[in-house]
Amino acid sequence: MVEQILSLLWVLACVILIVGMAYWFTKYVAGRGGLSTFGLGQGSESLRVLARLSLGRDQSLMLVQAGERYFLLGVTQSAISTLAEFTPEEAEAWRKTQAEQPAPPSFREALQSVLHQKRGR
């Protein structure tokens, strides 16, 4: 009986140690900015992802600002290709046309629309 209790305490101590180390590691990585640099629209003033369009599984187009230059990049799982370079005016015009398009409906709006159509039948 005593051996079982000691074994249980040992497992509990190991779990607490693992959770503590995981917490410390995530605080360390987050403190160095390691996890925050991969999001869309984030980055420094000299390099930013302005827009992203998913084309399929592991394929997308990205509009990237690098200083005063703008690039359209094709991104796949194994490569990144420069498809075009835009002037600041062209990039701004493209972004304005994207902003003028209506936003897609939220999940709630789409679900309500589908339910309303089904009730009408």
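Our subject is the structure listed above.
This structure is a prediction, so every number in the text was calculated from the model and none was measured.

**Here we look at the nonpolar core**
Okay, step 1: Val49, Met62, Val64, Phe71, Leu73 and Val75 form the largest nonpolar core, which has 6 residues in total.
Okay, step 2: Secondary-structure elements contributing two or more residues to this core are strand E2 (59-66) and strand E3 (69-76).
Okay, step 3: Per element, the largest residue contribution to this core is 3 residues, and it comes from E3.
Okay, step 4: Not counting residues within four places of it along the chain, the set of residues in contact with Leu73 comprises Ser60, Leu61, Met62, Val64, Ile80, Ser81, Thr82 and Leu83.

**A look at the pattern of salt bridges**
Okay, step 1: If you walk through the whole model with that rule in mind, you get 1 salt bridge.
Okay, step 2: In this structure, the salt-bridge partner of Arg69 is Glu85, at a minimum N-O distance of 2.8 Å. Residue Arg69 is located in strand E3, and its partner Glu85 is located in strand E4 (residues 80-86); the two are separated by 16 residues in the primary sequence.

**A look at the side chain of Ser60**
Okay, step 1: Note on placement: Ser60 falls in strand E2.
Okay, step 2: Overall, the relative accessible area of 5% leaves Ser60 in the buried class.
Okay, step 3: Aside from chain neighbours lying at most four places away, what touches Ser60 is Arg52, Leu53, Ser54, Leu55, Leu73, Gly74 and Val75.

The rules behind each value
- Residues numbered from 1 in each chain as written.
- Predicted model: local features only at pLDDT ≥ 70, side-chain atom pairs only at ≥ 80, totals over all residues.
- Heavy atoms only, no water.
- Core = buried A, V, L, I, M, F, W, Y, C linked by side-chain atoms within 4.5 Å.
- Buried < 20%, exposed > 50% of the residue type's maximum accessible area, 1.4 Å probe, protein only.
- Helix = DSSP H or I, 4+ residues; strand = E, 2+ residues; numbered from the N terminus.
- Contact = heavy atoms within 4.5 Å.
- Salt bridge = Lys/Arg side-chain N within 4 Å of Asp/Glu carboxyl O.

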